[in-house]
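Chains, contacts and geometry: an overview
What follows is the residue order along each chain.
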Amino acid sequence: KSSKREWKPLEDHSCTDVPWLLLFILFCIGMGFICGFSIATGAAARLLSGYDSYGNICGQKNVKVEGIVNSGLDLTHKKYVFFLDPCNIDLVHQKIKSIALCVSACPRTELKTLADVQKFAETNGSTLCSYELQPSEYTTDPRAAKLCPKYPVPESAPIPFFHRCAPVNISCYAKFAEALITFVSDSSVLHRLISGVMTSKEIIMGLCLLSLVLSMILMVIIRYISRVLVWILTILVVLGSLGGTGVLWWLYAKQRLSASAVETQIAKDNLQALLIYAIAATVFTVILLLIMLIMRKRVALTIALFHVAGKVFIHLPLLVFQPFWTFFVLILFWTYWIAVLLFLGTTGSPVPNEEGFVEFQMAGPLKYMWWYHIVGLIWISEFILACQQMTVAGAVVTYYFTREKRNLPFTPILASVNRLVCYHLGTVAKGSFIITLVKIPRMILMYIHTQLKGKENACARCMLKACICCLWCLEKCLTYLNQNAYTATAINSTNFCTSAKDAFVILVENALRVAAINTVGDFMLFLGKVLIVCSTALAGIMLLNYQRDYTIWVLPLIIVCLFAFLVAHCFLSIYEMVVDVLFLCFAIDTKYNDGSPGREFYMDKVLMEFVENSRKSMKEAGRGGGAEGRELKPM
C-alpha cells in the first residue's frame, strides 16, 4: 500500500516519531546527570586543580581520609602537582607511576643533587620532598632516598589550566612516544619530526587552506566536465582491462612457444600461473564489459544528476558551509564528552591501594556510568550527522519540488533547519539509534579482537573478522537507507519506518540505476579526493624543497595530506548526498508524473532531456520490450 500511496511533496508538515524524541531527550538528561554527578563529587576540582597521592586536592583545605597518613592537609598555598619521578610511565595503564605531591612552584631549572633541592625549597618556599620531611632534613635524613624526587630533577613548567608540573624536555617521554609511534626508535628522530612541524607550521596552514580552495573549485568544475569525465573513466577502465588481459595471454603464448624440451618445475609453475591469471582476467573483463553494456544508458542519468547537483549549489550556496557547521558542533560535543570522561576518571570515593596511597573508585551501579557515557558518544554523534543529512535533504527537496525557482525561500537551508527542529527531530533520533545499535557490537568485537591478538586460534580470529566485516557492511547499508528515509520524510512528512519502507520500494524499482550512480558517481568523487590530496602533496613538496632547515618532511606532509583528504571528503560527501537526494526525487517524479496536464514533471531540463531520450529508445526497442522498457514503464 505504501508504494501506491500518493506522494505530496511539501504539502503537509506534521511531527514524526515523537516518542523517540522524548526518549532521546531523557537520554540527554542522563548524560547531563553524569556530568553533574562528577562535578558534585569533586571530580572537576580534582581534575583541574590536581591531587596528590594522599587524596589531597591542591590549592585548598582537605578532609581527612581514614587510614591514610598525610591526608586532610591545608594546601591552600600549594597549587601545583609535582611528580617525584615524572618519567616513570606505566604504558599498560597509561599513567605516571610516581608519588605525587602538592608544591608551591615548579622547578624552573634542573636540580642535580639533594642539596640543590634543599636550596630550591629554602629559596622559593616550594618543598619537593614528601610532607613529613623538613627542608633542613633533605641531606641528612636516610628516608630522603625514597621521599625525595629522583635526581637530576628535570626543568618543568605548569600545564595551563591543569596545574601539573610537566618536564620541559620531552625526551623522558621517548619510551611513551615510541609506544604510540612505532617507527620512532630514537628520540632524536622524534625531535626532528616535531621541530620540522613547528618550523613549517605556516606552510602547513597555507597548504590546508589550498586544499580547502581546491575542494570548492572542484565542486564547481564537476558540473561542467561530468560528461567528459565519466566517459574518459569508462574508456580507461575498458582499455585497461582489455590491455591487461591481452598482455597476460601474450606472455602465456610466448612462454609456451619458447618452452624447451627439458623444463624445470619452476618454469612449469610459472606457465600454469600465467594461464590461471589470463583466464581470471578474461572472465573479469567479460563480466565488466557486460555490466557496462547493461548500464551504458544509466550512466547518462548519473551525468545529468551531477549536472543538476551543480545547479543546486548555485541556488543554495550555504550548502557548501554545511560541513563546517556539522564539524563545529561535533567538536563542541566531543570536547564536552572528553571533559566529562576525565571527570569520571577522578570521581568516586577515596580508597587506599596496596602501596598505601589513595585511588578514587566508584562502587555499585555508578561504576557502569562509563558504558552509558560511551553509548552517548556514539548516539549523539550519529544524531548530529543525521541532522546534517536531514537538513541537506530538506533543502534539496525544496529546490527540486519548487517549479518556479524564483519562488524558493530566501534561505532554503534555514527553512530546512526550521522544519527539522519543529517536526522531524524524533525521526533523526530513531535513525541514529539504529546505527548505534549496529556500531556498538562491532566496536565490542573489535576490542575483543585487539585484546586477544596473538592468543586466539586461527578459526576464532577468522570468525571475529567475519562478524566485524558483516556488521560493517550492515552499518553501511543502514546508513544509506537512513539517508533515503530522511529524504522521504522531508518530502512527505511521514515517520521513520514508513519513510524507510517507501524509499526502499523506490530504490528496489530502480535497482540498476542505483547501482550505476553508486559505482560511477562514487568512483568519480573518489578520484576527485585523490586529485585534491595529490595536488596538495605536490605543492607541499615544492614548497618544502626550498626550505633547507627541515631534516624530515614526513610528518608535515602526512598532516597536510590527511587534512586535504578530510576536507575533500567533507565537501564531496555533501555533493554525493545531494546527488542521492536528487535521484530519489527524480525516481518519485517519474513514477507519479508523466508530463501530461495536471501531472507535470518537477525535474530540471537536463533530467527532462534524459527522460525524452529514454522514451525514444523505448519506442525504438518496442513497447515494453527489454529491461529498460520495464524499468521506465511507470513513466
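Residue positions are counted from 1 within each chain, in the order its sequence is given. In view of the model being predicted, local features appear only for residues whose pLDDT reaches at least 70, and side-chain atom pairs are presented and counted only at 80 or more, with totals across whole chains, interfaces and linings using the full set of residues. Processing note: side-chain calculations cover all non-hydrogen atoms of the structure and skip hydrogens and water entirely.

1. Points about helix 3 (residues 114–124)
Put simply, the test is: Remark: exposure states derive from per-residue accessible area (1.4 Å probe, protein chains only) relative to the maximum for the residue type, with buried under 20%, exposed over 50%, and partly exposed in between. Strands here mean DSSP runs of E at least two residues long; helices mean DSSP runs of H or I at least four residues long; both are numbered from the N terminus. The reported arc concerns the directions from the helix axis to the C-beta atoms and nothing else. Only heavy atoms matter for contacts: two residues are in contact if any of them lie within 4.5 Å across the pair.
Residues of helix 3 that are buried include every one of Leu114, Val117, Gln118, Phe120 and Ala121, and no others. Looking straight down helix 3, one finds its buried side chains confined to an arc of 160°; they lie on one side. Facing away from the buried side of helix 3 by over 90 degrees, the exposed positions are Lys119, Glu122 and Thr123. Packed against the buried residues of helix 3 are helix 4 (144–147). A positive phi of about 75° marks Gly125, the residue just after helix 3.

2. Here's the deal with the packing of aromatic side chains
This is how the line gets drawn: Only centres within 6.5 Å qualify two rings of Phe, Tyr or Trp (six-membered ring in Trp) as a pair; their planes then separate them into stacked at under 30 degrees, edge-to-face at over 60, and tilted for everything else.
Under the defined criterion, the tally for this structure stands at 16 aromatic pairs. Both rings, one in Tyr486 and one in Phe496, keep their centres 6.3 Å apart while their planes meet at 55°; by these two values the pair is tilted. Placement of Tyr486 in helix 12 (residues 458–492) and of Phe496 in helix 13 (residues 496–509) is noted, with a sequence separation of 10 residues between them. Each member of the pair, Tyr486 as well as Phe496, carries the same accessibility label: buried. Taken together, the ring pairs in this structure connect Trp20, Phe24, Phe27, Tyr372, Trp379, Phe383 and Phe433 into an aromatic cluster.

3. Here's the deal with the pattern of salt bridges
Going by this rule: By salt bridge we mean one thing: a side-chain nitrogen of Lys or Arg within 4 Å of a carboxyl oxygen of Asp or Glu.
Following the criterion strictly, the structure yields 5 salt bridges and no others. Across the pair Glu475 and Lys439 runs a salt bridge whose closest N-O atoms are separated by 3.3 Å. Pair noted here: Glu475 is in helix 12 and Lys439 is in helix 11 (residues 412–451), with a separation of 36 residues, a long-range link. The pair formed by Glu475 and Lys439 is uniform in burial state, with each residue classed as buried. For Arg442, the salt bridge identified is with Glu475, shortest N-O distance 3.0 Å.

The quantities given are spatial measurements derived from coordinates; they are silent on function.
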